[in-house]
Amino acid sequence: MRLILGSGSPRRKDLLAQMGIVPDLILPPDIDEDPRKGELPRPYCLRLAEEKARAVPAGPEDVVLCADTTVALGRRILGKPADAGEAAAFLTALGGRRHQVITGVAVRRGDRVLVRDSVSVVKMKRLSDAELNAYLASGEWQGKAGGYGIQGLAGALIPWISGSYTGIMGLPVAETAALLTAVGYPVWRQA
Ligand SMILES: Cc1cn([C@H]2C[C@H](O)[C@@H](COP(=O)(O)OP(=O)(O)OP(=O)(O)O)O2)c(=O)[nH]c1=O
């Protein structure tokens, strides 16, 4: 049984390593990440995680692990910003209020796909011009949902969370361990 991590995210590889697991193969899927018209953040995120898991080529005994992280401001889905201007708009919208970070996890073995989500609430402080400009200049917003990474400089802008820190980073390790165990992957043997 091989474990295939269907993700190009370095965070997901690191969080898997935190669980004592090294994937046999890393195969990032290539799917359309556009939300459907009127689609709400949570169903969107679960749909994407499952679509990613189905898009990764694997043998019948292989276990495929994929995830999707979405930042939701009310009903609004904030994906990965296309450029610094969009990152600035996201961070300005997020500052001074609470938002949700949803990570959908999908584990596939053969045709069977199990999905779970982890929903966290994050409070980001209202950003001063100096904070916003320094953060944009750091480039850390690139490739991250909502335009920030809690595990880096942005941690200093976040006074409060409720939920799962690893889920916010991109792979909730408790849910992931439960799903891998459910499809027969020996999670604790590796540790
Ligand atoms: C909110 C937040 C997101 N992120 C990252 C995790 C994800 O990599 C990214 C969301 O994008 P995703 O589309 O979930 O994943 P990805 O494109 O990076 O990788 P793949 O589809 O190949 O698995 O945002 C952080 O690293 N820290 C944070 O605090």
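Everything quoted here is computed from the prediction, not taken from an experiment.

### Here's the deal with the overall build of the protein chain
And then number 1: In terms of helices and strands, the protein chain carries seven helices and seven strands.
And then number 2: A compact globule built from 191 residues would reach a C-alpha radius of gyration of about 16 Å, and the protein chain, at 17 Å, matches this within 12%.
And then number 3: Oriented by its inertia axes, the alpha-carbon framework of the protein chain measures out at about 50 × 40 × 25 Å.
And then number 4: Of the contacts formed within the protein chain by residues at least 6 apart in sequence, a portion of 66% connects residues at least 24 apart.
And then number 5: Entry remark: accessible area of the protein chain is about 9,100 Å², with carbon and sulfur atoms responsible for 51%.

### Focus: the packing of aromatic side chains
And then number 1: By the definition in use, this model includes zero aromatic pairs.
And then number 2: The positively charged end of R98 is found above the aromatic ring belonging to W160, 4.3 Å away from the centroid.

### Some details on the pattern of salt bridges
And then number 1: Applying the stated criterion across every chain, the model contains eleven salt bridges.
And then number 2: For R109, the salt bridge goes to E61, with nearest N and O atoms at 2.5 Å. Taken as a pair, R109 in strand β5 (residues 97-109) and E61 in the loop between α2 (41-55) and β3 (63-73) lie far apart in primary sequence, 48 residues in all.
And then number 3: Note on E61: relative accessible area 48%, which makes it partly exposed.
And then number 4: Ionic contacts of the salt-bridge type, sharing partners, join the residues E33, K52, D68 and K80 into one network.

### Comments concerning the site of the ligand
And then number 1: Around the ligand sit 19 residues in total, of which S7, G8, R12, K52 and K80 are the nearest.
And then number 2: Between the ligand and T69, the relevant distance is 2.8 Å, taken from an oxygen atom to a main-chain nitrogen or oxygen of the residue.
And then number 3: Here an oxygen atom of the ligand and a backbone polar atom of I150 are 2.8 Å apart.
And then number 4: The fraction of the free accessible surface of the ligand (610 Å²) that becomes covered by protein chains is 94%.
And then number 5: When each cavity is represented as a set of grid points, the ligand is found to reside in the largest pocket.
And then number 6: Elements supplying a minimum of two residues to the shell around the ligand: α1 (10-18), β3 and α5 (165-169).
And then number 7: When grouped by side-chain class, the residues that make up the shell around the ligand number five nonpolar, seven polar and seven charged.

### Let's talk about the pairing of β3
And then number 1: For β3, the tally of buried residues reaches eleven of eleven residues, placing the bulk of the element in the interior.
And then number 2: Examined bridge by bridge, strand β1 (residues 3-5) and β3 share three bridges and lie parallel to one another. Note on β3: the bridge partner recorded for I4 is V64.
And then number 3: In the sheet, β3 pairs with β5 via ten bridges, with the strands oriented antiparallel. Its bridge partner lying in β5, T69 is registered against T103.
And then number 4: Both β3 and strand β4 (residues 76-78) contribute to a ladder of three bridges, which runs antiparallel. When the sheet's bridge partners are listed, A72 is paired in β4 with I77.
And then number 5: Adjacent in sequence and paired antiparallel, β3 and β4 are bridged by two residues, among which G74 carries a positive phi angle near 65°.

### Considerations on the confidence of the model for the protein chain
And then number 1: In the predicted model, the protein chain carries a mean pLDDT of 97, and 99% of its residues have values of at least 70.
And then number 2: Interface confidence for the predicted complex, expressed as ipTM, amounts to 0.97; the pTM equals 0.96.

### Observations concerning the nonpolar core
And then number 1: Within the largest apolar cluster, 44 residues are counted, with the highest numbers of intra-cluster contacts made by Y148 and L180.
And then number 2: Element by element, the count of residues in this core is highest for helix α3 (residues 84-94), at six residues.
And then number 3: In this view, Y148 contacts V71, L91, L94, H99, V101, V122, M124, Y135, W141, A154, I158 and I168; residues no more than four positions away in its chain are not counted.

The rules we used
Residues numbered from 1 in each chain as written. Predicted model: local features only at pLDDT ≥ 70, side-chain atom pairs only at ≥ 80, totals over all residues. Heavy atoms only, no water. Helix = DSSP H or I, 4+ residues; strand = E, 2+ residues; numbered from the N terminus. Rg over C-alpha atoms; globule rule 2.2 N^0.38 Å. Contact = heavy atoms within 4.5 Å. Areas by Shrake-Rupley, 256 points an atom, 1.4 Å probe, with all protein chains shown as cover. Phe/Tyr/Trp six-rings, centres within 6.5 Å; stacked < 30°, edge-to-face > 60°. Lys NZ or Arg CZ within 6 Å of the ring centre and 35° of its normal. Salt bridge = Lys/Arg side-chain N within 4 Å of Asp/Glu carboxyl O. Buried < 20%, exposed > 50% of the residue type's maximum accessible area, 1.4 Å probe, protein only. Near = heavy atom within 4 Å. Polar contact = N/O pair within 3.5 Å; in protein donor to acceptor, adjacent residues only side chain to side chain. 1 Å grid on protein atoms, 1.4 Å probe; cavity = no way out; pocket = protein on both sides within 12 Å on 5 of 7 lines; lining within 4 Å. Sits in = over half its atoms within 2 Å of the grid points. Nonpolar A, V, L, I, M, F, W, Y, C, P; charged D, E, K, R; others polar. Pairing = 2+ DSSP bridges. pLDDT = per-residue confidence, 0-100. Core = buried A, V, L, I, M, F, W, Y, C linked by side-chain atoms within 4.5 Å.

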